[in-house]
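# Coordinate analysis (summary)
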Amino acid sequence: MSEAAVRAAAGAETDAGAPPATIKETMAVFMARQVRNGDYISLGTNLPIPTAGVLLAHLTHAPDLKINVLSYFVNLSAMERFEDLTQIANPRVQKWAEAVMSLEAMVNAIPRMDLCFAGGLQVDRYGNTNLIGVGRQERGWKFRGPGSVGTATVMALVKKYWIFVGEHSPRTLVEQCEHRSSAGWDLGGAGARRKLGLPGGGPEYIITPKCVFDFDEETKEARIRWLFPPVSVEDVIENTGFRPLVHPQAGPVQAPTEDELAVLRQRVDIKGLLRR
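### Some points on the packing of helix α3 (residues 48–59) against helix α8 (residues 258–268)
The contact between α3 and α8 brings their axes to 10 Å, and the two run at 110°. Taken together, the axis directions place α3 and α8 in an arrangement best described as roughly perpendicular. Seen from α3, the contacting residues are Ala52, Leu55, Leu56 and Leu59; seen from α8, they are Glu260, Val263, Leu264, Arg267 and Val268. In terms of residue class, the contact of α3 with α8 is built from 7 nonpolar, no polar and 2 charged.

Right, here's the structure in full:
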């Protein structure tokens, strides 16, 4: 599918000469709409689209967000604009810090977090993720990832989390992860998360460039819930390494509004990272 087709289906032009929303921008807007004012959110590193979504919510309808970045607590609602999305994930954020947390305090705070984000080299139908690598160590890695980087602990304790992947393909969305860096809903037996006594709320969504999966209430299998236009259910199924369920009300994500795009482009994503 061409980039031109994606742009055309994502929404009408926002003003004279302004291009319509890209898929990345539409993903960020979708995330922003799910954020509630007052949420306690931990931002991961190297996740510019979720970061843009949280900042968009912060600058529009959620000025009272409690944002945890690295070891800092920040409130950024008074920021006129962010020159670079990547600045939110490095120590320069300390100039906006309202508090600095010790490692012990950060770990103790995880169960109180309303939302955080997980990435994955692989994600399976139950929301297990793999950041460790592809292939077996004794045979030589095909690809070595960064490792769990704390996700095993965080995703076991946090109230809920969203899994974000930048590629929707059978090699990313797999029948079973080769390694597990965070526990989803089923680790080889029904109700495994509950039986292990993991207190967190588990994964809520898997967000990809093609769609948003939620999880079936009974089976806890990934289920197609929203589509990023012009993607179809058939397109998602064809490009997924497992057979996903389909929500009875599966349909397209609402296109970004002019106001949402204006804030996103003029205050959050100044360099146009989400328009590339």
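### Observations regarding the sheet that holds strand β7 (residues 129–130)
Within the open sheet, the 3 strands sit side by side as β7-β6-β11. Their pairing is mixed. The open sheet has two edge strands, β7 and β11 (173–174), and neither has a second partner. Looking at chain direction, strand β6 (residues 122–124) and β7 are connected through 2 bridges and run antiparallel. By the bridge assignment for β7, Val123 is matched with Thr129.

### Digging into unusual backbone geometry
The omega torsion of the bond from Pro229 to Pro230 falls at 5°, within 30 degrees of zero and hence cis. Positive phi values are uncommon outside glycine, yet Val149 reaches one of about 40°. Structurally, the position occupied by Val149 is in the loop between β9 (143–144) and α5 (151–157). According to the relative accessible area criterion, Val149 is exposed, its value standing at 60%.

### Concerning the packing of helix α2 (residues 23–34) against α8
α8 packs onto α2 with a crossing angle of 110° between their chain directions and a minimal axis gap of 11 Å. Regarding the angle of α2 to α8, the classification is roughly perpendicular. Between α2 and α8, the residues in contact are Glu25, Val29 and Arg33 and Glu260, Leu261, Leu264 and Arg265, respectively.

Criteria and cut-off values
Residues numbered from 1 in each chain as written. Predicted model: local features only at pLDDT ≥ 70, side-chain atom pairs only at ≥ 80, totals over all residues. Heavy atoms only, no water. Axes fitted to C-alpha atoms, helices over the stretch in contact; angles between N-to-C directions. Helix = DSSP H or I, 4+ residues; strand = E, 2+ residues; numbered from the N terminus. Parallel < 35°, antiparallel > 145°, perpendicular 65-115°, else oblique. Contact = heavy atoms within 4.5 Å. Nonpolar A, V, L, I, M, F, W, Y, C, P; charged D, E, K, R; others polar. Pairing = 2+ DSSP bridges. Buried < 20%, exposed > 50% of the residue type's maximum accessible area, 1.4 Å probe, protein only.

Geometric descriptors of this kind do not, in isolation, establish any biological role.
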